[in-house]
Amino acid sequence: MQRALLAHAGSILVFLPGQREIRAVAQELSAALRRSGDDRVHVEPLYGGMSLERQRQVIRAAAPGTRKVVLATNVAETSLTIPGTRYVVDCGREKQRVFGGAEGSSAPDADAAAQSAGVSRFSVQWVSQASAEQRAGRAGRTGPGHCYRLFSSAHFVNELEPHAPPAIARVPVDGVVLQMRAMGIDKIARFPFLTPPEPGALRRAQRTLAILGALRPSGGAPAGSENAVGAGGGHFGAFGDDG
């Protein structure tokens, strides 16, 4: 960060995993700028939970004679362009929704139990090589720029996956199964997904939805029929043999 600030003029885009990290870095950086007496640098957070109006304010070009340091999640990888960005600082991490036991758990049964219970969580993970390249490309889109990666080129080549796995392979598919049932798709295991989820994930989803009462046996309504509205006002689907 210091190297980028001491370099030539231009705004800086810093990629951080999530809102907690953004708040911590913003507080520390703002305090350092106040101590230095530099009022030309403005620190701005940017993440998906912000209002659209606030996001628009952040991505506006910095006023003449000033610089922006935008602390962003991966929302700034592809969907937003910040004019005047000359430097990118990439920590190489992001928060991903994962399905399984606690991070660092040494007991294999922990992951199995969490999956059986349908537990998902957000975990800080390394980005893929494709994401890292996308982040680097945000530097100097309208002029010369540079990306500072907080990890080595050897780590990039040897540790980062070429591409991130699709979300359907990482998270519970309860919502997908329920929506497909509502659409009248009965044989979900045979559906031609572009990237099919694991068969076990489909079975867990059906079991979870049945326990919650969101699906009912096909004997209560024609298999593949439209959802019926239960007494509680919720929507229910029919389920049968997915073999």
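Residues numbered from 1 in each chain as written. Predicted model: local features only at pLDDT ≥ 70, side-chain atom pairs only at ≥ 80, totals over all residues. Heavy atoms only, no water.

Novice: Residues and numbers for the nonpolar core, please.
Specialist: Residues L13, L46, V70, A72, A76, I82 and V88 are the most contacted members of the largest nonpolar core, which totals 16 residues. For this core, the secondary-structure elements that each account for two or more residues are β1 (11–15), α3 (52–59) and β3 (67–72). Every residue in contact with I82, bar those within four places of it in the chain, is listed here: L13, L46, I59 and V70. (Core = buried A, V, L, I, M, F, W, Y, C linked by side-chain atoms within 4.5 Å. Buried < 20%, exposed > 50% of the residue type's maximum accessible area, 1.4 Å probe, protein only. Helix = DSSP H or I, 4+ residues; strand = E, 2+ residues; numbered from the N terminus. Contact = heavy atoms within 4.5 Å.)

Novice: So what about the layout of surface pockets? Which residues, and what values?
Specialist: In this model, the second largest pocket occupies a volume close to 190 Å³. Forming the walls of the second largest pocket are Q96, Q125, W126, V127, S128, E159, L160, E161, A164 and P165. (1 Å grid on protein atoms, 1.4 Å probe; cavity = no way out; pocket = protein on both sides within 12 Å on 5 of 7 lines; lining within 4 Å. Points joined across faces, edges and corners; volume = space filled by probe spheres on them.)

Novice: Please set out the pairing of β3 residue by residue, giving values where relevant.
Specialist: Here β3 lies mainly inside the structure; six of its six residues are buried. Because side chains alternate across β3, one face comprises the buried residues R67, V69 and L71, and the other comprises K68, V70 and A72, equally buried. Pairing geometry for β1 and β3, over four bridges, is parallel. Within the sheet, the bridge partner assigned to L13 lies in β3 and is V70. Traced from strand β2 (residues 41–46) through α3 to β3, the parallel crossover comes out right-handed. (Pairing = 2+ DSSP bridges. Right-handed = clockwise from strand over helix to strand, strands pointing away.)

Novice: An account of helix α7 (residues 174–182) is requested, with residue identities and associated values reported.
Specialist: Those residues of α7 that fall on the buried side of the exposure criterion are D174, V177, M180 and R181. Here the buried residues of α7 occupy an arc of 135° about the axis, which is enough to place them on one side. Among the exposed residues of α7, those oriented more than 90 degrees off its buried face are G175 and Q179. With its phi angle positive at about 85°, G184 sits one or two positions after the end of α7. (Arc of directions from axis to C-beta.)

Novice: Tell me about the sheet that holds strand β4 (residues 85–90), residues and numbers included.
Specialist: Taken in spatial order, the five strands line up as β2-β3-β1-β4-β7 in an open sheet, and their pairing is parallel. Of all strands in the sheet, those bounded by a partner on one side alone are β2 and β7 (146–149). If you compare each strand with its neighbour and ignore which way they point, the axes differ by 20° on average. Relative to β7, β4 is paired through four bridges, and the arrangement is parallel. The residue of β7 that forms the bridge with Y87 is H146. Sheet strands touched by helix α2 (residues 19–36): β2 and β3. Its angle to β2, the strand with the most contacts, is close to 175°. (Axes fitted to C-alpha atoms, helices over the stretch in contact; angles between N-to-C directions.)

Novice: Account for α3, with residues named and values stated.
Specialist: Along α3, the residues classified as buried are Q55, V58 and I59. When α3 is viewed along its axis, its buried side chains cluster within an angular range of 90° and face the same direction. The inward-facing, buried residues of α3 contact β2 and β3.

Novice: Requested: an account of the pattern of salt bridges, with residues and values cited.
Specialist: Applying the stated criterion across every chain, the model contains eight salt bridges. Note that R56 and E53 form a salt bridge whose closest N and O atoms lie 3.6 Å from each other. Pair noted here: R56 and E53 are both in helix α3, with a separation of three residues, about one helical turn. R56 gets classed as partly exposed once you look at its relative accessible area, which sits at 45%. (Salt bridge = Lys/Arg side-chain N within 4 Å of Asp/Glu carboxyl O.)

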